[in-house]
Amino acid sequence: MFLLQVAIVLALTAAAVAWMMLMFRRDATEDAADHSLGVATSFAHAPGMVTALRSSDPAAVLQPRVDSVEKSADVDFISVYDERGIRRTAPSPGVTTERLSPQSLASLLAGDTVQGEHSGPRGEVVRTAVPVRDGGGTVIGAVNVGVLERNVGDQVARHLPAFLGAAAAAVVATTAGATLVSRRLLRSTRGLGPAEIMRLYEHHDAVLHAAREGVVIVDDRRRLLLVNDEAQRLLGLPGDLQGRPVRELPLAPPIAELLGTGREASDEVHLVGSRVLSVNQRSLDRYGVPSGTVTTLRDSTELQEVSGRAEAAAGRLGMLYEASVAIGTTLDVTRTAEELAEVAVPRFADHVTVDLAEPVLRGNEPPAAMPRLRRVAATPAPPGSGVRPVGESISYQPSGPQATGMASHQAVLASDLRGTPGVWARNQEDARRMLDHGFRSLVTAPLCTGGAVLGVADFWRWEGTQAFDHDDLALVGELAARTAICIDNARRYTREHALAETLQRSLLPHSLPDQPLVETAYRYLPARDGVGGDWFDVIPLPGARVALVVGDVVGHGLHAAATMGRLRTAVHNFSALDLPPEELLGHLDELASRIDGAESAEGDSEGFTGATCLYAIYDATSGVCALARSGHPEPALVYPDGTVEYLNVPVSPPLGLSGGLPFETAELTLPEGSRLVLYTDGLVEDRVRGIDAGLEALRRAVARPGRTPEETCQDVFGSLLPVRPSDDVALLVARTRLLDPSQVAEWDVPEDPSAVAGIRAQVTRRLDAWGLEETLAFNTELMISELVTNAIRYATGPIRLRVLTYHDSLICEVADGSSTSPHLRRAATTDEGGRGLFLVARFAQRWGTRYTARGKVIWTEQSLRPLATDTQEATADDLLDQWNDTDW
């Protein structure tokens, strides 16, 4: 054994040395190739190279450079060739080829780099040829550099002593290890020699397999260590299962459960196939051996009475086990009732009906009194048998077994329906028809939980099968109890889902605002497994602008819907301040962080986990759209010709997770008639489709020219919507429009108070051209006079006035270079000024201030709709009369 170990170590050492030589040679070749490529590239791109090659005597210019670089760069040789492959420098020792090979020359003229190896006087040389290009990119020559590979033998010789030392150490360690292992084996075998050990093993094997009692040993990892012949026969196992996990063995469920859990058992009776086995199981820990269990099996099939009971018990246990797995797989009330019927038929009953209280179907609490029932599940029954179909309202007679069971919360047996009156059916006619079609035995069980009755389940057997007996009552009661728990869980989920969906729909816009700036359409679909926090909005802004918003709160349920409502309300409030997209998202991010902090402080297990938002402002006068997004998918832009582009909007982390980092806005001009598609990730991503595939599918769905936003929504939902969406889906499509230039008038205002009268006259002429009534024109003149005068007196230039009309509004905007915003106040009787903004606020339907990159814009909006009579009575003169002339 020792010599074998030494031989193995020596063989491994020789293999290591050979491997080391191969690695050094490979490294030497790679280093030489990299070095030659670097030198050749640097020399080919050196200044003056093109001039030298095109000179009358290239060698005179290049030879000194070649000699200098060969020494300084540690290369074997450097050769320079012209475009015909002729060497233009003196050859180095050992280089006899005066021309490049045709293949190398062709590759160089094509602009490729050529590498190769050849044997020189000093050993193996790696050659690299790089083309030389003139200013126009034409190859006019080549530089060929050769580098000598390093000496591999020296490298091996330098490291060989260390390898040999390691091999010697391995031999010593192997010898010591063999000695220690031998001593350990002697102690483990208590000093027995091989012959004694073999004799003990043979006796043990003979006794184990000759015994007429099955023995199964399983280790602590529930793997099969030993099974004797009798156990294989009793369990029907093949002979090659040692070492396999118990769960992978072809065992009957009771035996698999017993061996898999390792619990102790004493004389348990289990039915395995046609045999009744008495099973005992003990742990091996108490006997000082590694953890595990030993199980003994005894065949008790000859005991007929025990066999019959065991068979019935095994059937019931098997059915209960199957019911625990098959019932309650979904949180759907109707489906849970159907699962009960599927489990019981045909294994236990021939026909099953399940009737539930109508409030339970809606997710509500069951009534305290006798509930009104509706049939939700029924297995197939013979036509004309009198069985009421699914969906029909069901009522039972007060003296019938169903009513008795619901009153007592206990299962009721009617073993022979022919010997009882027809109180178990809806009426006597139904009872007669059911008896005529073979219904003979009934067990009815109420579905009760928490003292409330959710419904009732009826189990029927037909003529020709064994009638129900009292032993079946316990099984039916267990099935009904498990089903009732699952139905109650589904009912609670249905109620929560309905509440969350109602809350979310109440927080979402029921209709989009009436505005002419963009044509919009939307779709919203909640997830089947839980309502989420998706939302969208279209918010009209002053100045012929509109905001488009889409957001998504992470998570599902009431918490996500409530958080969505808070964020949507905040977006409306921030939009009222006329903030640019990046500032609005910044305020929204700060709000989300405060929400997160507050919920964390309160110990809310459903704390805020982030939200995404895309906010866009479209200006219908210029067609410019400003967009910013926080963790949201990028929007799609569909041009009028059907071309689709995903807009490259700078993305920031989701709301509440940005850590105070600033947001960025992208601005682009949208052609009139283009469609902007905003959506949430539930539309393009699900469990079976990645986001890249979803985005490509969305591109194909919207790439159709001439479609309206409503038609676009239909196209998208028709092709992308999953069968059972796992997340909410929100979609908003807006088609852009541009105001006609005739609806917009602009003037540059000189910084001279005397210019106000001229500006006012120009505005009056434009209002007359638009056909606006005299009263509106007078009010507009007054407001413009006040705003322009304030800008000249208190602001900085440039000052610009813009008047535009669209839909039913007249907008006046005065822009200046100051960032100071005016504030409305009530002037005292002794103040000389302070009444201008009061007049503006009185005559304007709305007014406000928005800030720009170069200052601010003060805007007013007047309605073009006819005013009410009482409103028209208040004229400018009436308002001016509120102050005496002495107050000015």
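Scroll up to find the structure.
So, here is what we can say about the structure in this document. (Residues numbered from 1 in each chain as written. Predicted model: local features only at pLDDT ≥ 70, side-chain atom pairs only at ≥ 80, totals over all residues. Heavy atoms only, no water.)

Brief notes about the side chain of Glu813
- When you line up the elements, Glu813 lands in strand β29 (residues 809–816).
- For Glu813, the side chain forms a polar contact with the side chain of Arg850, separated by 3.2 Å.
- If sequence neighbours within four positions are ignored, Glu813 has contacts with Gly543, Arg800, Leu801, Arg802, Leu804, Arg850, Val857, Ile858 and Trp859. (Helix = DSSP H or I, 4+ residues; strand = E, 2+ residues; numbered from the N terminus. Polar contact = N/O pair within 3.5 Å; in protein donor to acceptor, adjacent residues only side chain to side chain. Contact = heavy atoms within 4.5 Å.)

A closer look at unusual backbone geometry
- Between Val345 and Pro346 the backbone carries a cis peptide bond, its omega angle lying at 0°.
- Tracing the backbone shows Pro346 in the loop between α10 (333–344) and β10 (351–357).
- A positive phi angle is found at Asp578, which is not glycine, with a value near 60°.
- Within the secondary structure layout, Asp578 lies in the loop between α15 (558–576) and α16 (581–601).
- Residue Asp578 is classed as buried on the basis of its relative accessible area of 6%. (Buried < 20%, exposed > 50% of the residue type's maximum accessible area, 1.4 Å probe, protein only.)

What about the pattern of salt bridges?
- Applying the stated rule across the entire model yields 42 salt bridges.
- One salt bridge in this structure joins Arg263 and Glu257, with 3.2 Å as the shortest N-O distance.
- Ionic pairing is found between Arg704 and Asp715, a salt bridge with its closest N-O pair at 3.3 Å. In this pair, Arg704 sits in the loop between α17 (691–702) and α18 (709–720) while Asp715 sits in helix α18, placing the two residues 11 residues apart along the sequence.
- Relative accessible area serves as the criterion here: at 37%, Arg704 is assigned to the partly exposed category.
- Residue class for Asp715 comes out buried when judged on its relative accessible area of 15%. (Salt bridge = Lys/Arg side-chain N within 4 Å of Asp/Glu carboxyl O.)

Describing the sheet that holds strand β5 (residues 214–219)
- With respect to topology, five strands assemble into an open sheet ordered β6-β5-β9-β8-β7, the strand pairing being antiparallel. Looking at which strands have only one partner, the edges of the open sheet turn out to be β6 (224–227) and β7 (265–272). Taking the axes of each pair of neighbouring strands and ignoring which way they run, one obtains an average angle of 25° across the sheet.
- Judged from the three bridges that link them, β5 and β6 form a sheet pairing that is antiparallel. Looking at β6, one finds that Ile217 is bridged to Leu226.
- Sitting on the sheet, helix α8 (residues 253–261) is in contact with β5, β7, β8 (275–283) and β9 (292–299), with an inclination near 145° to β7. (Pairing = 2+ DSSP bridges. Axes fitted to C-alpha atoms, helices over the stretch in contact; angles between N-to-C directions.)

Looking at helix α3 (residues 58–72)
- With 15 residues, α3 extends 21 Å from end C-alpha to end C-alpha; this agrees with the ideal 21 Å at 1.5 Å per step.
- Looking at α3, one finds that the buried residues are Pro58, Leu62, Gln63, Val66 and Glu70. With its buried residues spanning 115° around the axis, α3 presents them on a single face. Of the residues in α3, the exposed ones pointing more than 90 degrees away from the buried face are Lys71 and Ser72.
- Following α3 by one or two positions, Asp74 adopts a phi angle in the positive range, close to 55°. (Expected span 1.5 Å × (residues − 1). Arc of directions from axis to C-beta.)

Observations concerning the packing of aromatic side chains
- One pass over the structure, following the stated rule, counts five aromatic pairs.
- For the pair Phe439 and Trp462, a centre-to-centre distance of 6.0 Å together with 80° between the ring planes defines the contact as edge-to-face. Of this pair, Phe439 sits in strand β14 (residues 439–449) while Trp462 sits in strand β15 (residues 452–462); the two residues are 23 residues apart in sequence, bridging distant segments of the chain.
- Of the residues examined, Trp462 reaches a relative accessible area of 26% and is grouped as partly exposed. (Phe/Tyr/Trp six-rings, centres within 6.5 Å; stacked < 30°, edge-to-face > 60°.)

Overview of the nonpolar core
- Formed by 57 residues in total, the largest nonpolar core has its most connected members in Trp535, Leu548, Leu567, Leu585, Leu588, Tyr615 and Leu676.
- It is strand β19 (residues 611–619) that contributes the most residues to this core, seven residues altogether.
- Apart from residues no more than four positions distant in its own chain, Leu548 is found in contact with Val518, Asp537, Val538, Leu614, Tyr615, Ala616, Leu676, Leu678, Leu732 and Ala734.
- In terms of nonpolar packing, the next biggest core, distinct from the first, is built from 41 residues, Val354, Val376, Ala457 and Ala484 among them. (Core = buried A, V, L, I, M, F, W, Y, C linked by side-chain atoms within 4.5 Å.)

Overview of the pairing of strand β18 (residues 545–553)
- Among the nine residues that make up β18, nine are buried, leaving the element largely enclosed by the rest of the structure.
- Going residue by residue along β18, you find Arg545, Ala547, Val549, Gly551 and Val553 tucked away on one face and Val546, Leu548, Val550 and Asp552 tucked away on the opposite face as well.
- When strand β17 (residues 533–541) meets β18, the two strands line up antiparallel, connected through nine bridges. When the bridges of β18 are listed, Phe536 appears paired with Val550.
- Between β17 and β18, which pair antiparallel in sequence order, lie three residues; one of them, Gly543, sits at a positive phi of approximately 80°.
- Both β18 and β19 contribute to a ladder of nine bridges, which runs antiparallel.

Description of the sheet that holds strand β21 (residues 636–638)
- On the basis of which strands lie adjacent, the open sheet formed by five strands has the order β16-β26-β25-β21-β22 and antiparallel pairing. Edge strands, defined here as strands with exactly one partner in the open sheet, are β16 (518–525) and β22 (644–646). Going from strand to strand, the sheet's axes swing by 20° on average, the running direction of each strand aside.
- In the sheet, β21 pairs with strand β25 (residues 675–679) via three bridges, with the strands oriented antiparallel. Of the residues in β25, the one forming a bridge with Leu637 is Leu676.

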